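So you can see what is in the structure, the chains are spelled out below.
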Amino acid sequence: MNIYTLLQQPTLLMQLALLVPLVGAALILACHRWPNLRETITLITACSLLGCVAGLLPSLLGGGRPEVVLLDFLPGVPLMLSLEPLGMLFALIASGLWIVNSLYSIGYMRGNNEQHQTGFYICFAIALSATMGIALAGNLLTLFLFYEALTLSTYPLVTHKRNDKALAGGRIYLGYLLFTSMVLLLPAIVAVWVLTGTLNFESGGILKNKVSADVAMVLYALFLFGTGKAALMPFHRWLPAAMVAPTPVSALLHAVAVVKSGVFVIAKVSTYIFGLDFLHSSGGSQPMLWVAIFTMLTASLIAMTKDNLKARLAYSTVSQLAYVVLGATMATSLGLLGSAFHMTAHAVGKITLFFCAGAIYTAAHKTEISQLNGLARQMPITFTAFAIAAISIIGLPPTAGFWGKWYLMSSALESGLMLVVAALAISSLLNIVYLLEIPMRGFFLPPAEGSDAGLREAPLPSVIALGTTAVACVALFVFPEPLMHLLAMWRPS
């Protein structure tokens, strides 16, 4: 059997998706003295990972659901990988955005003369390996272990600057995420094992006819609050605290891996552990629906009060993640479709916004929104990209964010949840206020006295990256069919 034939085996590709970033991390370490080679290896590793993930598509689209056991951890509970449509989507998002994030990082890290660049690229690669483990996890045990690995591998990235502020932010980051996972999520997983005798993900869920409605309600709350990376209030403070990290790390946290792993876990647990029918008939998700609405609106109101650009974007993320949770808690097929679409659109839109924030900091050394007046005249590409991504986050056509919010609104109307409809409308209006202010300041207000007339865009790699993701915001609106086809294979009818 030649290597080409081997690389067509989905079980091998699934294992390579975990291994390739780790091999890349080792090579990055070995080449730490040669920055050009180190960064070339980073880009090659990112492209190789996307190749492994994309290589799984033919098997999935052909109806295959390959599985591979990595280790017999406990009797009847192995560490295992399995391929299913939602995990495929998450793996494609993370591996695809790693490429543009790596390109952006080269311009940002060099443009700001950041220290510890080799460690940055190593931890980034390890974090992507953990993310692939979450995306391809075949049961709750495997998902939990890779979820914890992602937390630990991103802690050095949050504390990258190693000053007092970074270390304080890192403590909050680690404290919140470890507390929620160990005190809330892990007991929920153990309870599922005790009640059902299995931790496997199964179509239709494994809890139906195994627990009462009251137990389902408690378990669902434990899972959602225990998935701290989804940043539901009151377990959200880690996310703004982590903004002490360099902007490429913020992009990782908000778009590529960390928060997306949180909402991915919630969507997967809702579908394969509880099942939509059981959640709907038992009413187990109803209390968490109101938690999602509260988070969505409150975080938007807080975002409006923030003058620091990254802080405003951080609270925007808290709000937007709640949209994904809201779709799951409505426990309808249309709501889940809206969740998955919004997860994708938010990933592309929010990474663009953070790329732009980093580009502004790199080129102009400005961090506050009140400092951005007239800056778009010298950085038109950056501010145009920001405007496109902001429109997508708001949910307006012709950008990708429209589809997710459309399906969420449709689900709420179909279910007669008029308060949810009102909350979605109010939240979108708040999005307009706190996001569009930024490009409008840049384009339409006169620059402050003493502004640097010679100011230009950020380094070319960063501009290419933010331009690419801004174009993707529009492309996903114009060409939604491939994503729709993949999601149609996942969501219950």
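Residues numbered from 1 in each chain as written. Predicted model: local features only at pLDDT ≥ 70, side-chain atom pairs only at ≥ 80, totals over all residues. Heavy atoms only, no water.

(A) Summary view of the overall build of the protein chain. Counting its regular elements, the protein chain contains 21 helices and two strands. The C-alpha atoms of the protein chain give 21 Å as radius of gyration, which agrees with the globular expectation for 493 residues (23 Å, within 12%). C-alpha atoms of the protein chain, sized along the principal axes, occupy 70 × 60 × 45 Å. Relative to its 493 residues, the protein chain shows a buried fraction of 60%. Partitioning the contacts of the protein chain with sequence separation of at least 6, the portion at a separation of at least 24 is 81%. For the protein chain, the computed accessible surface area is about 17800 Å², with 68% contributed by carbon and sulfur atoms. Between the averaged position of the 24 positive side-chain charges in the protein chain and that of its 18 negative side-chain charges there is a distance of 5 Å. (Helix = DSSP H or I, 4+ residues; strand = E, 2+ residues; numbered from the N terminus. Rg over C-alpha atoms; globule rule 2.2 N^0.38 Å. Buried < 20%, exposed > 50% of the residue type's maximum accessible area, 1.4 Å probe, protein only. Contact = heavy atoms within 4.5 Å. Areas by Shrake-Rupley, 256 points an atom, 1.4 Å probe, with all protein chains shown as cover. Lys, Arg positive; Asp, Glu negative; His and termini not counted. Charge placed at Lys NZ, Arg CZ, Asp CG, Glu CD.)

(B) Inspection of the packing of aromatic side chains at higher detail. This structure, assessed with the given rule, holds 19 aromatic pairs. A centroid spacing of 4.1 Å and a plane angle of 15° characterise the contact between Tyr-104 and Phe-355, whose relative ring orientation is stacked. Linking Tyr-104 in helix H5 (residues 85-111) with Phe-355 in helix H16 (residues 333-364), this pair joins segments that are 251 residues apart in sequence. Given the relative accessible area of 0%, Tyr-104 is considered buried. On the accessibility criterion, Phe-355 (0% relative accessible area) is buried. (Phe/Tyr/Trp six-rings, centres within 6.5 Å; stacked < 30°, edge-to-face > 60°.)

(C) Region of the structure containing empty space enclosed by the protein. This structure, assessed with the given rule, holds one cavity of 30 Å³ or more. Looking at the largest cavity, its volume works out to about 30 Å³. Looking at the largest cavity, the residues that line it are Thr-42, Trp-98, Asn-101, Ser-102, Ser-105, Phe-120, Tyr-121 and Phe-124. Only H5 and helix H6 (117-136) provide two or more residues apiece to the lining of the largest cavity. It is H5 that contributes the most residues to the lining of the largest cavity, four residues altogether. The residue makeup of the lining of the largest cavity, split by class, is four nonpolar, four polar and no charged. (1 Å grid on protein atoms, 1.4 Å probe; cavity = no way out; pocket = protein on both sides within 12 Å on 5 of 7 lines; lining within 4 Å. Points joined across faces, edges and corners; volume = space filled by probe spheres on them. Nonpolar A, V, L, I, M, F, W, Y, C, P; charged D, E, K, R; others polar.)

(D) Structural detail: the packing of helix H7 (residues 140-158) against helix H12 (residues 258-274). Contact geometry for H7 and H12: axes closest at 11 Å, N-to-C directions at 170°. Taken together, the axis directions place H7 and H12 in an arrangement best described as roughly antiparallel. For the pair H7 and H12, contact is made by Leu-140, Leu-143, Tyr-147, Leu-150 and Thr-154 and by Val-258, Ser-261, Val-265, Val-269 and Ile-273, respectively. In terms of residue class, the contact of H7 with H12 is built from eight nonpolar, two polar and no charged. (Axes fitted to C-alpha atoms, helices over the stretch in contact; angles between N-to-C directions. Parallel < 35°, antiparallel > 145°, perpendicular 65-115°, else oblique.)

(E) Molecular detail of the nonpolar core. Grouped together as the largest cluster of nonpolar side chains are 183 residues, with contacts concentrated most on Phe-223 and Phe-274. In terms of residue count, H16 provides more of this core than any other element does, 18 residues in total. Those residues in contact with Phe-223 that sit more than four places away from it in its chain are Leu-140, Leu-185, Ala-188, Ile-189, Val-192, Val-269 and Phe-274. (Core = buried A, V, L, I, M, F, W, Y, C linked by side-chain atoms within 4.5 Å.)

(F) Spatial organisation of the pairing of strand E1 (residues 67-74). As paired elements, E1 and strand E2 (residues 77-82) share five bridges and run antiparallel to each other. Bridge pairing links Leu-74 to Val-77 in E2. Here E1 hands over to E2 after two residues, with Gly-76 in that stretch at a positive phi of 80°. (Pairing = 2+ DSSP bridges.)

(G) Quick look at the state of the cysteines. A complete count under the given rule lists zero disulfides for this structure. Among the cysteines around Cys-31, which has no disulfide bond, Cys-47 carries the closest sulfur, lying 17 Å off. No disulfide involves Cys-52; its nearest neighbouring cysteine sulfur is the one of Cys-47, lying 11 Å away. (Disulfide = S-S within 2.5 Å.)

(H) Looking closely at the environment of Ile-273. On the secondary structure map, Ile-273 appears in helix H12. Relative accessible area serves as the criterion here: at 0%, Ile-273 is assigned to the buried category. Remark: the alpha-carbon pair of Ile-273 and Pro-447, spanning 174 residues in sequence, is separated by 54 Å. With residues up to four places along the chain from it excluded, the contact list for Ile-273 reads Leu-140, Val-192, Asn-200, Phe-201, Gly-205, Ile-206, Leu-207 and Lys-268.

(I) Inspection of the packing of helix H14 (residues 286-305) against helix H19 (residues 418-444) at higher detail. H19 packs onto H14 with a crossing angle of 20° between their chain directions and a minimal axis gap of 9 Å. With respect to H19, the element H14 is oriented roughly parallel. Considering only the axes of H14 and H19, their crossing is left-handed. Where H14 approaches H19, its residues Leu-289, Trp-290, Ile-293, Met-296, Leu-297, Ser-300, Leu-301, Ala-303 and Met-304 are matched on the opposing element by Leu-419, Val-420, Ala-423, Leu-424, Ile-426, Ser-427, Leu-430, Asn-431, Val-433 and Tyr-434. (Left-handed = near helix turned anticlockwise from the far one by under 90°.)

(J) Broad picture of the pattern of salt bridges. Using the criterion set out here, one finds five salt bridges in the structure. One salt bridge connects Arg-312 with Glu-437, and the closest N-O pair in it is separated by 2.8 Å. Taken as a pair, Arg-312 in helix H15 (residues 309-329) and Glu-437 in helix H19 lie far apart in primary sequence, 125 residues in all. Judged by relative accessible area, which is 4%, Arg-312 ranks as buried. Ionic pairing is found between Arg-441 and Glu-437, a salt bridge with its closest N-O pair at 2.9 Å. Taken together, the residues Arg-441 and Glu-437, both in helix H19 and four residues apart, mark about one turn of the helix. With relative accessibility at 27%, the residue Glu-437 sits in the partly exposed group. When salt bridges with common partners are traced through the structure, they connect Arg-38, Glu-39 and Arg-110 into a single cluster. (Salt bridge = Lys/Arg side-chain N within 4 Å of Asp/Glu carboxyl O.)

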